[in-house]
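Spelled out from the first residue to the last, the chains are:
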Amino acid sequence: MTDEATVSFRELCRELPAQTALFSFGPVALGAAQLWNGYSHETALTFHALFALVMVGFAVLVTRYHLAAFRLKKLERS
């Protein structure tokens with residue numbers, strides 16, 4: 001087995017743009033919207049900030065999984 005199947009986030013965006021946008025940028029946008037919602041309604045921002053932090057962590061984990069699965073598919077094609 002060769003290890004020539006290195007993938008980048010840019011390549012993943014090029015080949016699977018909808019999935020990448022949904023799983024990588026969607027949770028971050030949702031966290032930012034929740035922060036804005038808390039700010040606009042003048043509620044305690046600590047809960048909203050915690051939610052946003054969890055969503056960023058989720059986006060990072062899902063993106064890493066998505067890259068690993070994409071790399072595996074690329075290795076299987078080679």
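The structure contained in this document is the topic of the report that follows. A quick note: this is a predicted structure, and the numbers were derived from the prediction, not measured.

Calculation rules
- Residues numbered from 1 in each chain as written.
- Predicted model: local features only at pLDDT ≥ 70, side-chain atom pairs only at ≥ 80, totals over all residues.
- Heavy atoms only, no water.
- Helix = DSSP H or I, 4+ residues; strand = E, 2+ residues; numbered from the N terminus.
- Buried < 20%, exposed > 50% of the residue type's maximum accessible area, 1.4 Å probe, protein only.
- Contact = heavy atoms within 4.5 Å.
- Phe/Tyr/Trp six-rings, centres within 6.5 Å; stacked < 30°, edge-to-face > 60°.

1. Regarding the side chain of E11
Relative to the assigned elements, E11 resides in helix α1 (residues 9-15). For E11, a relative accessible area of 16% corresponds to the buried category. If near-sequence neighbours (up to four positions away) are discounted, E11 is found in contact with T6, F70 and K74.

2. Considering the packing of aromatic side chains
In this description, an aromatic ring pair is defined by two values, namely the gap between the centres and the angle between the planes. Scanning all chains against the criterion turns up two aromatic pairs. Measuring from centroid to centroid gives 6.0 Å for F9 and F25, while their planes differ by 85°, and the two rings are edge-to-face. With F9 in helix α1 and F25 in helix α2 (residues 17-40), this residue pair connects regions lying 16 residues apart in the sequence. Here F9 falls in the partly exposed class, since its relative accessible area comes to 31%. Seen from their ring centres, W36 and Y39 are 5.6 Å apart, and the 40° between their planes marks the pair as tilted. Taken together, the positions of W36 and Y39, both in helix α2 and three residues apart, correspond to about one turn of that helix. When its relative accessible area of 57% is taken as the criterion, W36 is described as exposed. In this structure Y39 comes out as exposed when scored by relative accessible area, which is 55%.

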